[in-house]
Amino acid sequence: MSTRGVARPVLPRIGLIVAVVAILVVLIGMVAGVGAILSQGGVAAGNPFAGTSLYADPASKAATAADEATESGDTDDAAVFTSIAEVPTAIWLTPEKHPIREIGGYVSDLVTAAAKLGQVPLFTVYGIPNRDCGNFSSGGLTVEQYPVWVDEIAGALTDSGAVVILEPDALALADECDNVEERLGEVGASVDALAAAGLTVYIDAGHSNWGPPAEMADLLNRAGIERARGFATNVSNYNNTDREQYYANTISSLTNGAHYVIDTGRNGNGSTGEWCNPAGRALGATPAASPSGSAQDANLWIKPPGESDGECNGGPAAGEWWNENALELAADAAR
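Our next topic: the packing of helix α4 (residues 103–116) against helix α5 (residues 145–157). With their axes 8 Å apart at the nearest point, α4 and α5 run at an angle of 30 degrees to one another. Considering their axes alone, α4 and α5 lie roughly parallel with respect to each other. In terms of crossing hand, the pair formed by α4 and α5 is right-handed. Facing Ile103, Gly104, Val107, Ser108 and Val111 of α4, the residues of α5 in contact are Trp149, Glu152, Ile153, Ala156 and Leu157. Residue composition of the contact of α4 with α5, grouped by class: seven nonpolar, two polar and one charged.

Our next topic: the state of the cysteines. The final tally for this structure, using the stated rule, is two disulfides. Between the sulfur atoms of Cys133 and its disulfide mate Cys177 the distance is 1.6 Å. Around the S-S axis, the bridge from Cys133 to Cys177 shows a dihedral of about -95 degrees and counts as left-handed. Residue Cys133 is found in the loop between β2 (122–125) and α5, and its partner Cys177 is found in helix α6 (residues 174–177); the two are separated by 44 residues along the sequence.

Time to look at the packing of helix α8 (residues 213–223) against helix α9 (residues 241–253). At a closest axis distance of 9 Å, the pairing of α8 and α9 adopts a crossing angle of 50 degrees. It follows from the interaxial angle that α8 and α9 lie oblique. The handedness of the crossing between α8 and α9 comes out as right-handed. Of α9, the residues touching α8 (which contributes Pro213, Met216, Ala217 and Leu220) are Tyr247, Thr250 and Ile251.

Rules behind the numbers
- Residues numbered from 1 in each chain as written.
- Predicted model: local features only at pLDDT ≥ 70, side-chain atom pairs only at ≥ 80, totals over all residues.
- Heavy atoms only, no water.
- Axes fitted to C-alpha atoms, helices over the stretch in contact; angles between N-to-C directions.
- Helix = DSSP H or I, 4+ residues; strand = E, 2+ residues; numbered from the N terminus.
- Parallel < 35°, antiparallel > 145°, perpendicular 65-115°, else oblique.
- Left-handed = near helix turned anticlockwise from the far one by under 90°.
- Contact = heavy atoms within 4.5 Å.
- Nonpolar A, V, L, I, M, F, W, Y, C, P; charged D, E, K, R; others polar.
- Disulfide = S-S within 2.5 Å.

Here's what the structure looks like:
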């Protein structure tokens, strides 16, 4: 996932008990508040997150890292990873991991597991043709395959109440990829398929460091924003929430009041202007429904904290779990 590095030092292991306790105090407080925040009063009745409990995937990479740390006897790291894993975070759907004829069963099983807990899953659909213009997160499907894959997702999620973040970077990178009209058509058709299944859809709208909000608003309008719930900003990026709200509110005013969500998973220290594994960042505010009177529906964790942005600044491939990064994000949040 690209949102456009300098070598970074390897983070020292967090071995001191005092440091670990400080991190856990912060993380436990964050996790404990998630359910209450999502169900508290003062949230508009039409907000899809009002009274909603989001699903935390027990098979997430953070949860797997916690299990591996426990098995190796590294209880300090395991505790940090567990606290991250307990925060509801978007589950990314990619055709490389779950292709056509497999993706439907995968998402259906997740919906069933969430429903047993009275919860709602949050998905990120990330398989558009020429994804990331050949950069760190390159891949995706062919033009012919893509709508088939999206239709399979929509069919499996019909009437599930699931929330979908649609194609991070697709519109923001359309000019660089030299396929603006194709992207608009692909995103628009996906909105139609997912919305027809009764899903809450937010089209990705880049972030405040990328380009003018008026240009993004134009792309969103041409892609059919009126047929979606709204748009998402700061996905996989680090910009502070106030900055993103200003950007998003401007877009909202230019898209007939479209609602929006902000990715706050890693924006606790704001941005350095660097998008690929920047040092010194921190976990941000946990998922929370926004109060009435705002076009913002919620803060969400969309890019899973602890997963690499790509092979830069010492990181592994995009989307791979990175212990040192997860520990740094947690440690900086505790400061």
